[in-house]
Amino acid sequence: MIYKRSSELFKEAQKVIPGGVNSPVRAFKAVGGDPIFIKKAEGAYLFDEDGNKLIEYINSWGPMILGHAHKPVVDAVVERAKQGTSFGTPTGLETKIAELAVKMVPNIDKIRMVNSGTEACMSAVRLARGFTGKEKIIKFAGCYHGHSDSFLIQAGSGAMTFGMPNSPGVTRGTAKDTLLAKYNDLENVKHLVEANKGEIACIILEPVAGNMGCIPPVEGFLEGLRKICDETGILLIFDEVMTGFRLAAGGVQERMGVKADILCFGKVIGGGLPVGAFAARNEIMDYLAPVGPVYQAGTLSGNPLAMAAGYTMLKELHDNPNIFESIDKKTEYLHKGLDKVLKENHVPHSINRIGSMISVHFGEDAVTDFESSAKSASNGMFNKFFHGMLQNGIYLAPSAFETWFISEALTYDDLDKTIEAAGIAAKEL
Ligand SMILES: *Cc1c(COP(=O)(O)O)cnc(C)c1O
């Protein structure tokens with residue numbers, strides 16, 4: 001495949017946009033080469049500026065669980081746009097999506113809409129601090145919660161890909177309130193809690209990690225965190241920006257049966273438009289302005305176009321629960337196929353999968369935390385594999401630390417083509 005026009009567009013973009021991209025993960029800096037510029041998308045396919053048709057596993061980094069340009073979502077947005085694109089006043093549509101989200105997600109009474117996952121996590125932590133009157137937070141190495149200051153400490157895929165886990169520009173004052181724990185290590189969390197007794201507002205985590213590859217929690221990890229929080233009055237925040245409305249209609253809480261105090265959403269909830277949200281039970285949510293003292297706001301929050309897309313997406317998932325089973329099966333099929341061709345070609349690998357999230361790590365060891373993920377990513381095999389796949393029309397996220405997202409639009413024929421391409425790419429490794 002030829003990517004000439006994309007390279008030209010990238011040259012032009014670099015003159016006026018830092019690095020030519022509006023989000024670092026879109027650059028090919030880690031894997032080498034120029035990023036691909038997309039013209040349009042449909043279902044499981046991207047069509048780029050050179051006229052290539054690519055089977056793709058980025059899916060806008062998660063939102064497009066039903067595939068691109070899903071007709072009901074597109075129709076809802078177009079219809080809504082004709083009636084005005086933003087009012088800065090309440091609309092009935094906001095209540096409709098809130099009612100539906102509260103129905104789908106366990107343990108929440110109220111939800112507030114924002115414009116991104118970053119905003120959702122930032123606001124959730126402010127709310128936790130306001131509610132508890134404590135200042136410190138615990139986060140896990142390799143977990144990503146958006147790019148707000150408190151979280152840019154060992155922050156997962158984007159930052160890791162570019163070798164800058166901790167960003168300049170974050171003050172020491174902010175950094176000292178973020179305590180860093182090891183994912184899947186309960187003892188480590190217990191030590192941190194003990195050493196900072198009475199000072200911790202919340203523990204925030206991806207309940208299934210997706211930003212250091214896909215790393216499911218080991219048995220008892222989430223339950224153990226719940227217990228620690230119950231015993232100490234620390235709030236447990238599940239950042240379900242990636243997993244919400246993907247691993248089940250009710251996210252990880254439903255799938256794994258562990259309750260969080262505050263939930264963060266993004267990605268799928270916006271149906272491909274810029275939406276984030278955070279939610280909790282009444283007692284906590286009523287701490288927010290204008291009812292309570294914790295301030296949080298947004299000019300475009302609850303934007304009618306975004307709500308039309310989000311509502312339509314959630315309604316599709318709510319009304320067709322078999323979708324979750326169907327994408328899980330497709331992901332399992334892909335897992336088995338990839339495993340087979342990598343084995344046949346004697347490529348050391350370990351594949352992590354839960355539901356429709358999957359990641360391939362090129363190393364023998366199991367990947368259970370940030371360290372083991374970074375180790376498997378460091379041998380350069382992923383970069384070769386990435387380009388091998390691309391040459392065969394398969395577009396993976398350009399980083400060894402990213403989860404592959406499976407969409408319902410992928411057919412078994414697409415999956416077979418992917419597995420075949422992986423076999424060809426594996427031969428070159
Ligand atoms: C993507 C992501 C975010 C950030 O969301 P944005 O919409 O990119 O700001 C936060 N948390 C998790 C778990 C994510 O995957």
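Reading the values: the criteria
- Residues numbered from 1 in each chain as written.
- Predicted model: local features only at pLDDT ≥ 70, side-chain atom pairs only at ≥ 80, totals over all residues.
- Heavy atoms only, no water.
- UniProt positions renumbered as here; feature names shortened; annotations may be inferred.
- Helix = DSSP H or I, 4+ residues; strand = E, 2+ residues; numbered from the N terminus.
- Expected span 1.5 Å × (residues − 1).
- Buried < 20%, exposed > 50% of the residue type's maximum accessible area, 1.4 Å probe, protein only.
- Contact = heavy atoms within 4.5 Å.
- Pairing = 2+ DSSP bridges.
- Lys, Arg positive; Asp, Glu negative; His and termini not counted.
- Salt bridge = Lys/Arg side-chain N within 4 Å of Asp/Glu carboxyl O.
- Domains from an automatic or database assignment.
- Buried area = accessible area lost by both parts, 1.4 Å probe.
- 1 Å grid on protein atoms, 1.4 Å probe; cavity = no way out; pocket = protein on both sides within 12 Å on 5 of 7 lines; lining within 4 Å.
- Points joined across faces, edges and corners; volume = space filled by probe spheres on them.
- Nonpolar A, V, L, I, M, F, W, Y, C, P; charged D, E, K, R; others polar.
- Axes fitted to C-alpha atoms, helices over the stretch in contact; angles between N-to-C directions.
- Left-handed = near helix turned anticlockwise from the far one by under 90°.
- Phe/Tyr/Trp six-rings, centres within 6.5 Å; stacked < 30°, edge-to-face > 60°.
- Near = heavy atom within 4 Å.
- Polar contact = N/O pair within 3.5 Å; in protein donor to acceptor, adjacent residues only side chain to side chain.
- Areas by Shrake-Rupley, 256 points an atom, 1.4 Å probe, with all protein chains shown as cover.

Going by the annotation in an unreviewed UniProt entry, the name recorded for the protein is Glutamate-1-semialdehyde 2,1-aminomutase, with Christiangramia fulva given as the source organism. Among the UniProt annotations of the protein, the heading Catalytic activity (unreviewed entry) holds the following wording: "(S)-4-amino-5-oxopentanoate = 5-aminolevulinate".

With that out of the way, let us pick up helix H12 (residues 322-344). Each turn of an α-helix holds 3.6 residues, which means side chains three or four residues apart point in the same direction. Taking 1.5 Å per residue as the helical rise, H12 with its 23 residues ought to reach 33 Å, and the 33 Å between its terminal C-alpha atoms agrees with that figure. Those residues of H12 that fall on the buried side of the exposure criterion are Ile-323, Phe-324, Ile-327, Asp-328, Lys-330, Thr-331, Leu-334, His-335, Gly-337, Leu-338, Val-341 and Leu-342. Phi turns positive one or two residues past the end of H12, at His-346, with a value near 55°.

The feature "modified residue: N6-(pyridoxal phosphate)lysine" (unreviewed entry), as given by UniProt, occupies Lys-267 in the numbering adopted here. Summarising the element assignment, Lys-267 is placed in the loop between strand S9 (262-265) and strand S10 (276-280). Residues contacting Lys-267, with those up to four places away along its chain left out, are Trp-61, Gly-62, Pro-63, Val-241, Met-242, Gly-272 and Val-275.

Bringing the sheet that holds strand S11 (residues 350-354) into the picture now. What holds strands together in a sheet is hydrogen bonding between their backbones, with the strands either parallel or antiparallel. Read from one edge to the other, the open sheet built from three strands follows the order S11-S12-S14, with strand pairing classed as antiparallel. Sheet topology places S11 and strand S14 (404-405) at the edges, where each strand pairs with a single neighbour.

Attention now goes to the side chain of Glu-206. With respect to the helices, strands and loops of the structure, Glu-206 is situated in the loop between strand S7 (200-205) and helix H8 (221-232). Buried within the structure, Glu-206 lacks any salt-bridge partner; Lys-267 is the closest side chain of opposite charge, at an N-O distance of 7.3 Å. Not counting residues within four places of it along the chain, the set of residues in contact with Glu-206 comprises Gly-142, Cys-143, Tyr-144, His-145, Tyr-183, Asn-211 and Asp-239.

Time to look at the domain arrangement of the protein. Domain boundaries in the protein define domain 1 (4-69 + 321-427) and domain 2 (71-319). With centres defined by C-alpha atoms, the gap from domain 1 to domain 2 works out at 25 Å. Taken together, the contacts link 38 residues of domain 1 with 40 residues of domain 2. Interface area for domain 1 against domain 2, summed over the two sides, is near 3,100 Å², with a carbon-plus-sulfur share of 68%.

This next bit is on empty space enclosed by the protein. The method is simple in principle: a probe with the dimensions of a water molecule rolls over the atoms, and the space it marks as empty is what remains. If you walk through the whole model with that rule in mind, you get one cavity of 30 Å³ or more. The space that makes up the largest cavity amounts to roughly 30 Å³. Along the walls of the largest cavity sit Val-360, His-361, Phe-362, Ser-376, Ala-377, Phe-382 and Ala-400, which together make up its complete lining. Taken together, the residues that form the lining of the largest cavity break down as five nonpolar, two polar and no charged.

In terms of burial, S11 is a largely internal element, four of the five residues being buried. Relative to strand S12 (residues 357-361), S11 is paired through five bridges, and the arrangement is antiparallel. Residue pairing for S12: Asn-352 is matched across the bridge by Ser-359. Between the antiparallel neighbours S11 and S12 lie two residues, among them Gly-355 with a positive phi of about 55°.

A few words now on the pattern of salt bridges. Overall, the coordinates contain 24 salt bridges when judged by the stated rule. For the salt bridge of Arg-5 with Glu-8, the shortest nitrogen-to-oxygen distance reads 3.0 Å. Of this pair, Arg-5 and Glu-8 both sit in helix H1 (residues 4-16), three residues apart, roughly one helical turn. Its relative accessible area of 31% is what places Glu-8 among the partly exposed residues. One salt-bridge network, in which partners are shared between bridges, spans Arg-226, Asp-230, Asp-261, Arg-281 and Glu-283.

Turning next to the packing of helix H3 (residues 92-104) against helix H11 (residues 304-319). At their nearest, the axes of H3 and H11 sit 9 Å apart, and the two run at 30° to each other. As for how H3 packs across H11, the hand of that crossing is left-handed. In this structure, H3 uses Leu-93, Glu-94, Lys-96, Ile-97, Leu-100, Ala-101, Lys-103 and Met-104 to contact H11, whose residues at the interface are Pro-304, Met-307, Ala-308, Gly-310, Tyr-311, Leu-314, Lys-315, Leu-317 and His-318. Across the contact of H3 with H11, the residue classes tally to eleven nonpolar, two polar and four charged.

A separate point is the packing of aromatic side chains. This structure, assessed with the given rule, holds eleven aromatic pairs. With 6.2 Å between their ring centres and 35° between their planes, Phe-382 and Phe-386 make a pair best called tilted. Of this pair, Phe-382 and Phe-386 both sit in helix H14 (residues 381-391), four residues apart, roughly one helical turn. Judged by its relative accessible area of 6%, Phe-382 falls in the buried class. The rings of Phe-28, Phe-382, Phe-386 and Tyr-395 are connected pair by pair, giving a single aromatic cluster.

Lining the immediate surroundings of the ligand are Ser-116, Gly-117, Thr-118, Tyr-144, His-145, Gly-146, Glu-206, Asn-211, Asp-239, Val-241, Met-242 and Lys-267. A distance of 3.2 Å separates an oxygen atom of the ligand from a polar side-chain atom of Asn-211. A distance of 2.6 Å is found between an oxygen atom of the ligand and a side-chain nitrogen or oxygen belonging to Lys-267. Summarising the interface, the protein chains cover 83% of the accessible area of the ligand, which totals 380 Å² for the free molecule.

The first and last C-alpha atoms of helix H4 (residues 117-132) sit 22 Å apart over 16 residues, in line with the 22 Å expected at 1.5 Å per residue. The complete set of buried residues in H4 reads Gly-117, Thr-118, Glu-119, Ala-120, Cys-121, Ser-123, Ala-124, Val-125, Leu-127, Ala-128 and Thr-132. Gly-133 occupies a position one or two residues after H4 and carries a positive phi of about 70°.

With respect to topology, four strands assemble into an open sheet ordered S1-S2-S3-S13, the strand pairing being mixed. The open sheet has two edge strands with one neighbour each: strand S1 (38-42) and strand S13 (394-395). Where strand S2 (residues 45-48) meets strand S3 (residues 53-56), three bridges bridge the pair, whose relative direction is antiparallel. Residue pairing in the sheet places Phe-47 in a bridge with Lys-53 of S3.

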